[in-house]
Amino acid sequence: MSRAEPPAGAADGTGAGRDAGAPGAVGREGTATAGTPDAVAPEGTAAPDDAVARAGRPRWALGLFRSELVTTFRRWRTLALLGVLAAVPVLIGVAIRIETADGGTVGDGGGQGPAFFTQITNNGLFLVFAALAATLPVFLPMAVGVVAGDAIAGEANSGTLRYLLVAPAGRTRLLLAKYTAALAFCLAATLAVAVSALAAGAVLFPLGDVTTISGTRISFGEGLLRALLIAVLVAASLTGLAALGLFVSTLTGSGVAAMATTVGLVVTAQILNTIPQLDALHPYLFPHYWLSFADVLREPVLWDDVLRNLGLQGAYTAVFGSAAWARFTTKDITA
């Protein structure tokens, strides 16, 4: 019998026999199986099992990510959250339209309403900025907290987590897929607010050149590009919270408890960020630089706080993402 075709049941690198026809039955990843001299395999023979498994891993990983995205965005809860977020700009626009129908101004009648809001009647594009400023402190974080907090704990609570790990996904890849789905929701939620606000602003108010916070004017096209950049920055501002929610989700088997804890942490951080006596702590709280996107509407753009925000979110992602990985890869899965 040739060396290229060892008998069935021959010992592999771990000393245990394997079925030569079973796909993916290989030794440690990245090592050749003992007793199978791949280098001298006759030309035209089938690829070794480990090579086939390696070739199939990228396809399986992409399939896992795609499956998580589809599962996340098919849930009625996710669709309901996106619907509520999309309704907020419409309600703001209608309220401002009614308030200014008699020629009045937003706020107390002296033109001193909240930032961005006083400009909406002059340019509907400002409804995008106002809606993002209104939803970022509460609505967007709560929606992301629900999705991220339920990522692992929800599977455990429904009894499907154990079956997900039976497939050749691996805990690390599954965790990455869950986090990727949470990031996709961050972007989708932000775009839902921005697109809805743009549509409502175009219907209810005039569109035109944009007056920046610095007092200069830019074209509507450039203003639209800055609105898109702001939407991306707002989505990036939620990445640290998504990692925090994912970590909380690995600590419990109750989806409701994980969601409530994540939302509670958001509220706590927001409260701490408003206490003057804790000024030294504020720069380390994940919501501290959330509204820094307003600096994109200055001329020239001020990037200092924007970059600080991105760096802070990256730090939260690294710390709590690593903590989630350490917890999830070592815990006993019983559900």
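Residues numbered from 1 in each chain as written. Predicted model: local features only at pLDDT ≥ 70, side-chain atom pairs only at ≥ 80, totals over all residues. Heavy atoms only, no water.

Notes on the overall build of the chain
Okay, so step 1: The helix and strand tally for the chain stands at 10 helices and 2 strands.
Okay, so step 2: Its helices and strands taken in sequence order, the chain reads α-α-α-α-α-α-β-β-α-α-α-α from the N to the C terminus.
Okay, so step 3: The burial tally for the chain puts 38% of its 335 residues in the buried class.
Okay, so step 4: Contacts in the chain between residues far apart in sequence, at least 24 positions, make up 72% of those at least 6 positions apart.
Okay, so step 5: Accessible surface computed for the chain: about 16,700 Å², of which carbon and sulfur atoms make up 64%. (Helix = DSSP H or I, 4+ residues; strand = E, 2+ residues; numbered from the N terminus. Buried < 20%, exposed > 50% of the residue type's maximum accessible area, 1.4 Å probe, protein only. Contact = heavy atoms within 4.5 Å. Areas by Shrake-Rupley, 256 points an atom, 1.4 Å probe, with all protein chains shown as cover.)

Let's talk about helix α8 (residues 239–251)
Okay, so step 1: Between the first and last C-alpha of α8 there are 19 Å, a value that for 13 residues agrees with the 18 Å anticipated at 1.5 Å per step.
Okay, so step 2: Across the 13 residues that make up α8, a large majority, 12, are buried.
Okay, so step 3: Every buried residue of α8 is accounted for by Thr239, Gly240, Leu241, Ala242, Ala243, Leu244, Gly245, Leu246, Phe247, Val248, Ser249 and Thr250. (Expected span 1.5 Å × (residues − 1).)

Considering empty space enclosed by the protein
Okay, so step 1: Tallied over the entire structure, the rule returns 3 cavities of 30 Å³ or more.
Okay, so step 2: Estimated volume of the largest cavity: approximately 110 Å³.
Okay, so step 3: Along the lines of polarity and charge, the residues of the lining of the largest cavity split into 5 nonpolar, 2 polar and 5 charged.
Okay, so step 4: In this structure, the second largest cavity encloses a volume near 40 Å³.
Okay, so step 5: Of all the secondary-structure elements, those providing two or more residues to the lining of the second largest cavity are α7 (220–237) and α10 (304–328).
Okay, so step 6: Looking at the lining of the second largest cavity element by element, the count peaks at 3 residues for α7.
Okay, so step 7: Residues of the lining of the second largest cavity, tallied by class, amount to 5 nonpolar, 3 polar and no charged. (1 Å grid on protein atoms, 1.4 Å probe; cavity = no way out; pocket = protein on both sides within 12 Å on 5 of 7 lines; lining within 4 Å. Points joined across faces, edges and corners; volume = space filled by probe spheres on them. Nonpolar A, V, L, I, M, F, W, Y, C, P; charged D, E, K, R; others polar.)

What to know about the packing of aromatic side chains
Each pair of aromatic rings is reported with the distance of its centres and the angle of its planes.
Okay, so step 1: Using the criterion set out here, one finds 6 aromatic pairs in the structure.
Okay, so step 2: Geometrically, the ring pair formed by Phe73 and Phe185 is tilted, given 6.4 Å between the ring centres and 40° between the ring planes. Residue Phe73 is found in helix α1 (residues 49–74), and its partner Phe185 is found in helix α6 (residues 171–204); the two are separated by 112 residues along the sequence.
Okay, so step 3: With 5.7 Å between their ring centres and 55° between their planes, Phe286 and Trp290 make a pair best called tilted. One exposure class covers both Phe286 and Trp290, and it is buried.
Okay, so step 4: Taken together, the aromatic side chains of Phe247, Phe286, Trp290, Tyr316 and Phe320 make up a single cluster linked through ring pairs. (Phe/Tyr/Trp six-rings, centres within 6.5 Å; stacked < 30°, edge-to-face > 60°.)

Some points on the side chain of Ser292
Okay, so step 1: Within the secondary structure layout, Ser292 lies in the loop between α9 (255–272) and α10.
Okay, so step 2: In this view, Ser292 contacts Asp305, Val306 and Asn309; residues no more than four positions away in its chain are not counted.

Notes on the pattern of salt bridges
Once their charged atoms are close, side chains differing in charge can pair, the charge on each being opposite to the other.
Okay, so step 1: Enumeration over the complete set of coordinates arrives at 6 salt bridges.
Okay, so step 2: A salt bridge links Glu222 to Arg226, with the shortest nitrogen-to-oxygen separation between them at 2.9 Å. Pair noted here: Glu222 and Arg226 are both in helix α7, with a separation of 4 residues, about one helical turn.
Okay, so step 3: Its salt-bridge partner being Arg298, residue Asp295 comes within 2.9 Å of it at the nearest N-O pair.
Okay, so step 4: A residue is classified by how much of its surface remains accessible, and Asp295, at 12% relative accessible area, is buried.
Okay, so step 5: When its relative accessible area of 27% is taken as the criterion, Arg298 is described as partly exposed.
Okay, so step 6: Among the charged side chains, a salt-bridge network with shared partners connects Glu222, Arg226 and Glu299. (Salt bridge = Lys/Arg side-chain N within 4 Å of Asp/Glu carboxyl O.)

Section: helix α3 (residues 126–135)
Okay, so step 1: In terms of residue burial, α3 counts as a mostly covered element, since 8 of its 10 residues are buried.
Okay, so step 2: Burial in α3 covers these residues: Phe126, Leu127, Val128, Phe129, Ala130, Ala131, Leu132 and Thr135.

Things to note about the packing of α6 against α8
Okay, so step 1: The interhelical angle for the contact between α6 and α8, taken along N-to-C directions, is 140°, at an axis separation of 10 Å. The angle between α6 and α8 falls in the class oblique. Along this stretch, α6 crosses α8, giving a crossing that reads as right-handed. Contacts between α6 and α8 involve Leu175, Lys178, Tyr179, Ala182, Leu183 and Cys186 from the former and Thr239, Ala242, Ala243, Leu246 and Thr250 from the latter.
Okay, so step 2: Its residues assigned to classes, the contact of α6 with α8 comprises 8 nonpolar, 2 polar and 1 charged. (Axes fitted to C-alpha atoms, helices over the stretch in contact; angles between N-to-C directions. Parallel < 35°, antiparallel > 145°, perpendicular 65-115°, else oblique. Left-handed = near helix turned anticlockwise from the far one by under 90°.)

What to know about the nonpolar core
Okay, so step 1: Of all hydrophobic cores here, the largest spans 67 residues; its most connected members are Phe116, Ile120, Val128, Phe129, Leu140, Ile230 and Phe286.
Okay, so step 2: Elements with a minimum of two residues in this core: α2 (76–99), α3, α4 (139–158), α6, α7, α8, α9 and α10.
Okay, so step 3: Ranked by residue count, the leading element in this core is α6, at 13 residues.
Okay, so step 4: With residues near it in sequence (within four places) discarded, Ile120 still touches Ile96, Phe126, Leu127, Ala130 and Phe205. (Core = buried A, V, L, I, M, F, W, Y, C linked by side-chain atoms within 4.5 Å.)

Side note on the confidence of the model for the chain
Okay, so step 1: When pLDDT is averaged across the chain, the result is 79; 73% of the residues are at 70 or more.
Okay, so step 2: Taken as a whole, residues 108–113 scores under 50 in pLDDT and shows 9 contacts with residues more than four places along the chain or in a different chain. (pLDDT = per-residue confidence, 0-100.)

A short note on unusual backbone geometry
Okay, so step 1: A cis amide bond, omega 0°, links Glu299 with the succeeding residue Pro300.
Okay, so step 2: The topology assignment puts Pro300 in the loop between α9 and α10.

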